[in-house]
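# Coordinates in review
Chain by chain, the residues:
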Amino acid sequence: MEIDLRHLRLVTVVAEHGSVTRAAAALGMAQPALTAQLNRIDDALGGSVFVRDRRGTRPTPLGDLVLRHARVLLPAMDAFGEDVRRHVSGRTDVVTALRVGTVATVLGGIFLNRLRADLTGIALTSFTAWSAQEATRRLAAGDLDLALVGACENEVLPTDGDVVWTRLFTDPVFVLLSDAHRLADDEVVPLGELAEEYWLSAPGEGCFERCFVAACVRSGFTPREVSETERASAIEQVRDNHAVALVQPLLLDQPGVTPVALEGEPLAWTQYVGWRRDAEKRFDVEAVRAAAHEAHRQAVRRTPAYERHLAQR
């Protein structure tokens, strides 16, 4: 016997009810028939999916593995089947699943959570792209349905393949300092005061590094070194006072480091949401925009230093 989706559904229902008896009732099966199916599944897998004793029915480690895959495969196949039915019946105007890309934004997780809350009945899968160009290619090819992208305020996003971008909001770029740094207690720091530092920046393509170097030159110095690293690594290096980091000012309430505004706001980061021009026929683009704005508001509330900065502007 080979394992198919029907067997995965049986395993999922048994795990949800914690009892073969209750699962059989929910499935409309006789208990002996369900037990026989579970035994055949065990034989096919080469091990027991559940432990059954007086305390109920609990997944084994093998069962946990099967359930992890089932929780991905079953919703995906349900969405696939529904999309096929809509296509065959001529109802291609409504989607049941969306593929969401994120690029160079700290808001991706909150944004996806807002979408899940607001776009009920639509399954979401996410993809992290390296650049706005890559996200645009994927949108144009239909590999993504929408994307949330962060970019230097001076960057012009591509619009190949009938892709459109909506500018959402722009935040000044902050510098992340160790709590032990001599300027960590300042509300605002002139860029020139950091001329001797080693700099960290988020990886990615675009004009941000060039814009940073230009801002440094205008402040009277050339940066000693600019390294690219992901945010968690940057926080660790800054915490030990080995470097300072250019950061989006959101979601930075981390022990041992302090986000500080740069005087005159010489650098800024803009968030965009994008999709193909025909998206309005397939999903609620206004709900997507609203989810992005709410994600930003929530991130501000969770970042006391930036919230204070905005209140003082």
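Located above this text is the structure these notes cover.
Attention here is on the structure that accompanies the text. (Residues numbered from 1 in each chain as written. Predicted model: local features only at pLDDT ≥ 70, side-chain atom pairs only at ≥ 80, totals over all residues. Heavy atoms only, no water.)

## Thoughts on unusual backbone geometry
Backbone geometry places Ala 104, a non-glycine residue, at a positive phi of 50°. Following the sequence through the fold, Ala 104 ends up in the loop between β3 (97–103) and α5 (108–118). Judged by relative accessible area, Ala 104 falls into the partly exposed class, the value being 34%. A positive phi angle is found at Leu 251, which is not glycine, with a value near 55°. Its location among the elements puts Leu 251 in the loop between β11 (244–247) and β12 (257–262). (Helix = DSSP H or I, 4+ residues; strand = E, 2+ residues; numbered from the N terminus. Buried < 20%, exposed > 50% of the residue type's maximum accessible area, 1.4 Å probe, protein only.)

## Re the state of the cysteines
Each disulfide is one covalent bond, formed between the sulfur atoms of two cysteines. As enumerated under the stated definition, the model contains 0 disulfides in all. Sulfur of Cys 207: no disulfide; nearest cysteine sulfur belongs to Cys 152 and is 3.7 Å away. Residue Cys 207 is classed as buried on the basis of its relative accessible area of 9%. Its sulfur unpaired, Cys 211 is 3.6 Å from the next cysteine sulfur, which belongs to Cys 152. (Disulfide = S-S within 2.5 Å.)

## Looking at the pattern of salt bridges
In the structure shown here, the tally under the stated rule is 14 salt bridges. Between Asp 42 and Arg 52 there is a salt bridge, and its shortest N-O distance comes to 3.8 Å. Of this pair, Asp 42 sits in helix α3 (residues 31–45) while Arg 52 sits in strand β1 (residues 50–53), and the two are 10 residues apart along the sequence. Residue Asp 42 is classed as buried on the basis of its relative accessible area of 10%. Linking Glu 236 and Arg 239 is a salt bridge whose minimum nitrogen-to-oxygen distance equals 2.5 Å. You can see Glu 236 and its partner Arg 239 sitting in helix α8 (residues 231–239), 3 residues apart, about one turn around the helix. Here the salt bridges do not stand alone but share partners, grouping Arg 99, Asp 145, Arg 276, Asp 278 and Arg 282 into one network. (Salt bridge = Lys/Arg side-chain N within 4 Å of Asp/Glu carboxyl O.)

## Remarks on the nonpolar core
Soluble, globular proteins show a tendency: their nonpolar side chains are buried together. Counting 41 residues, the largest nonpolar core has Phe 111, Leu 115, Leu 146, Leu 176, Trp 275, Phe 283 and Val 288 as its most contacted members. Here this core takes 8 residues from helix α9 (residues 285–301), the largest share from any one element. Once residues within four sequence positions are removed from consideration, Phe 111 is found in contact with Val 100, Leu 146, Leu 148, Val 288, Ala 291, Ala 292 and Ala 295. If you look at the next biggest cluster of nonpolar residues, it comprises 23 residues, including Cys 152, Cys 216, Val 244 and Trp 269. (Core = buried A, V, L, I, M, F, W, Y, C linked by side-chain atoms within 4.5 Å. Contact = heavy atoms within 4.5 Å.)

## So, the sheet that holds strand β4 (residues 123–128)
Judged by pairing direction, the sheet is mixed, and its 5 strands sit side by side in the order β4-β3-β5-β13-β6 without closing on themselves. Taken across any chain shown, the strands that pair with only one partner, and hence form the sheet edges, are β4 and β6 (163–172). The mean inter-strand angle of the sheet, taken between neighbouring strand axes irrespective of direction, is 20°. As defined by bridge partners, β3 adjoins strand β5 (residues 146–152) across 4 bridges and the pair is classed as parallel. (Pairing = 2+ DSSP bridges. Axes fitted to C-alpha atoms, helices over the stretch in contact; angles between N-to-C directions.)

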